[in-house]
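Here are the chains, one letter per residue:
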Amino acid sequence: MAALGWLTPRRRSATARSVLAGEASAEAARKTALAEDPAAIGFSLDSVDPQETEAPEAPEAAEPVEPEFPVAGDELAAAFFDLDNTVMQGAAIFHFGRGLYKREFFRRRELARFAWQQAWFRLAGVEDPEHMQDARDSALSIVKGHRVSELMSIGEEIYDEYMAERIWPGTRALAQAHLDAGQKVWLVTAAPVETATIIARRLGLTGALGTVAESVDGIYTGRLVGEPLHGPAKAEAVRALAAAEGLDLAHCAAYSDSHNDIPMLSLVGHPYAINPDTKLRKHARAHDWRLRDYRTGRKAVKVGVPAAAGVGAIAGGAAAAIALHRRRK
């Protein structure tokens, strides 16, 4: 498939593209959250009594203890969760591709390409920019000319078919703790914002920041707004959303498995490394960040998820899709 040479003008710096992608994602996330729950958006610092946000003084005789986190009622705080391999095993865009193949959006050769990319991602346990870019190029060319509403409807079905059973219970519990504390919880991912929004809604989260694909009159053009929401662009999206929501990033938490998200994790006062890759684990330990690992077995620690399960799942999905394709001939 053709490379995205038209993705962004070359004269613009990477930083400018990241800012554009981040701001576009933040705007899309707020619009979606507002449409689904008008009361969820519109928080203003003017509505907060400063005395209500101050932590109570500890008794003089009490010994130092780690403060409760997340802090209930802290309206200046929110939580930001990476999606792939943090909230969900594997990459959302690959599962989405499998679902589109099942619905005959593309041919068997392209399915095999998605299958290989997903298997590689699961075995390596890290995000490779070339693989991720290749997957995004494929997805954009596939959805070009389709209606946004059509893809949203299909995305709901694909979530049930391929994604629901891959949510990490441990990470889901962390997100619920923030919700129970009265805080907003956002997904932040390079996956399409429409896909991320579906996952966030199914998990009961506030909303999602994701890659924004350009659409005109509700139809995808095959181009992106800015660049994929990856690395520095994620940090820009979080920064833009925090400014719009009146959040204090020092009160906020962020969770990710990838060293590519160190810019986002470094923005907040409470960074967490979840199922971390080797580089993130090393960085987290050096900076005294908290770590959580919900993978099981020694092999999982090395590669992200059990290798047999990773390859078996994608091979099974590919085989089923090919069998379906043959039956329809």
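This is a predicted model, so every value here is computed, not measured. (Residues numbered from 1 in each chain as written. Predicted model: local features only at pLDDT ≥ 70, side-chain atom pairs only at ≥ 80, totals over all residues. Heavy atoms only, no water.)

Caption draft 1: A look at the overall build of the protein chain. If you tally the helices and strands in the protein chain, you get 13 helices and 8 strands. Expressed as a percentage of its 329 residues, the buried residues of the protein chain come to 51%. Partitioning the contacts of the protein chain with sequence separation of at least 6, the portion at a separation of at least 24 is 68%. For the protein chain, the accessible area works out to roughly 15600 Å², and carbon and sulfur atoms hold 54% of it. (Helix = DSSP H or I, 4+ residues; strand = E, 2+ residues; numbered from the N terminus. Buried < 20%, exposed > 50% of the residue type's maximum accessible area, 1.4 Å probe, protein only. Contact = heavy atoms within 4.5 Å. Areas by Shrake-Rupley, 256 points an atom, 1.4 Å probe, with all protein chains shown as cover.)

Caption draft 2: The packing of aromatic side chains, seen in detail. Per the counting criterion, the structure on display carries 3 aromatic pairs. Residues F69 and Y272 carry aromatic rings whose centres are separated by 6.3 Å and whose planes lie at 20° to one another, so their mutual orientation is stacked. Separated by 203 residues along the polypeptide, F69 in the loop between helix 2 (50–53) and strand 1 (78–82) and Y272 in strand 7 (residues 270–274) bring together distant segments of the chain. Residue F69 is classed as partly exposed on the basis of its relative accessible area of 22%. Ring centres of F81 and Y255 lie 4.1 Å apart, and the angle between their planes is 5°; on these two criteria the pair is classed as stacked. Placement of the pair is F81 in strand 1 and Y255 in strand 6 (residues 253–256), with a sequence separation of 174 residues. When sorted by exposure, F81 lands in the same class as Y255, which is buried. One aromatic cluster is present, formed by F69, F81, Y255 and Y272 through successive ring pairs. (Phe/Tyr/Trp six-rings, centres within 6.5 Å; stacked < 30°, edge-to-face > 60°.)

Caption draft 3: Fine view of the pattern of salt bridges. All chains considered together, the criterion is met by 14 salt bridges. For the salt bridge of K102 with E161, the shortest nitrogen-to-oxygen distance reads 3.5 Å. Of this pair, K102 sits in helix 3 (residues 92–102) while E161 sits in helix 6 (residues 148–163), placing them 59 residues apart in sequence. Among the residues examined, E161 registers a relative accessible area of 29% and is labelled partly exposed. Between E165 and R166 there is a salt bridge whose closest N-O contact spans 3.5 Å. Through salt bridges with shared partners, a single ionic network connects K102, R103, E157 and E161. (Salt bridge = Lys/Arg side-chain N within 4 Å of Asp/Glu carboxyl O.)

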